[in-house]
Amino acid sequence: MAPILLIMLIGGTALEEAVVVSRKVTAAAHAIADVTTQYTSVATTDLSLVLQASTLVLEPYPSTTAKMTVSEIMVPPNGGAGTVVWSQALNTDPRGVGSTVSIPAGSTTSTSDNTYLILGEISYNYTPRVANNIVPGITFYQSLFMVPRRSTSIPLGSSSSD
């Protein structure tokens, strides 16, 4: 009976920790997009700070395996696929400028102008702290689109205005 209870304890602990990490990954993606949408223009140093600060959401779990990306996506008036205007990343390569991104239905309005969205993304390789030789690692991925708050788009420049 003891081995079964021990396995249940280890499995339950690993599952509970995985749920916590999953929620932290979601919160980090939200932080990346939310903070970026508050700018009217950004510089690469601003984006680096946003990405670095977003790693703090993952504490006490190590952020070295967190791959974070923030991008501005331009969506044409007729909707459909978006185009990357700019992108910056931490621990991974940024999205290619001009590459296409699938936009979820209902994410844009039916105006005659382009719509700009900020995309915050994180991929996190989680390895349980308890019984990591027995329980396999899990990769969590979360992305979030948000509309710029204080302007229609957020241009990337050499220095930010806010």
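Attention here is on the structure that accompanies the text. Nothing here was measured: the structure is a model prediction, and the numbers come from that model.

The rules behind these values
- Residues numbered from 1 in each chain as written.
- Predicted model: local features only at pLDDT ≥ 70, side-chain atom pairs only at ≥ 80, totals over all residues.
- Heavy atoms only, no water.
- Patch = residues over 30% accessible without salt bridge, like charges linked within 9 Å, V, L, I, M, F, W, Y side chains within 5 Å.
- Areas by Shrake-Rupley, 256 points an atom, 1.4 Å probe, with all protein chains shown as cover.
- Salt bridge = Lys/Arg side-chain N within 4 Å of Asp/Glu carboxyl O.
- Helix = DSSP H or I, 4+ residues; strand = E, 2+ residues; numbered from the N terminus.
- Pairing = 2+ DSSP bridges.
- Contact = heavy atoms within 4.5 Å.
- Axes fitted to C-alpha atoms, helices over the stretch in contact; angles between N-to-C directions.
- Buried < 20%, exposed > 50% of the residue type's maximum accessible area, 1.4 Å probe, protein only.

The next point concerns a nonpolar patch on the surface. Taken together, the side chains of Met1, Ile4, Leu5 and Met8 make up a nonpolar region of the molecular surface, amounting to roughly 490 Å² of accessible area. With respect to the element layout, Leu5 can be found in helix α1 (residues 2–36).

Right, let's get into the sheet that holds strand β5 (residues 115–126). Strand order in the open sheet made by the 5 strands is β4-β3-β2-β5-β6, with antiparallel pairing throughout. Only two strands of the sheet have a single partner each, and these edge strands are β4 (100–101) and β6 (138–146). As defined by bridge partners, strand β2 (residues 66–75) adjoins strand β3 (residues 82–90) across 7 bridges and the pair is classed as antiparallel. Bridging from a neighbouring strand, Met74 pairs with Thr83 of β3. Taken strand by strand, α1 contacts β2, β3, β5 and β6, and its axis lies near 155 degrees from that of β5. Lying over the sheet, helix α2 (residues 44–54) contacts β2 and β3, oriented at roughly 65 degrees with respect to β3.

For the rest of this paragraph, the subject is unusual backbone geometry. With omega at 10 degrees, the peptide bond leading from Glu59 into Pro60 counts as cis. When you line up the elements, Pro60 lands in the loop between α2 and β2. Despite not being glycine, Asn91 has its phi angle at roughly 65 degrees, a positive value. Tracing the backbone shows Asn91 in the loop between β3 and β4. Overall, the relative accessible area of 43% leaves Asn91 in the partly exposed class.

That is the geometry; function is a separate question.
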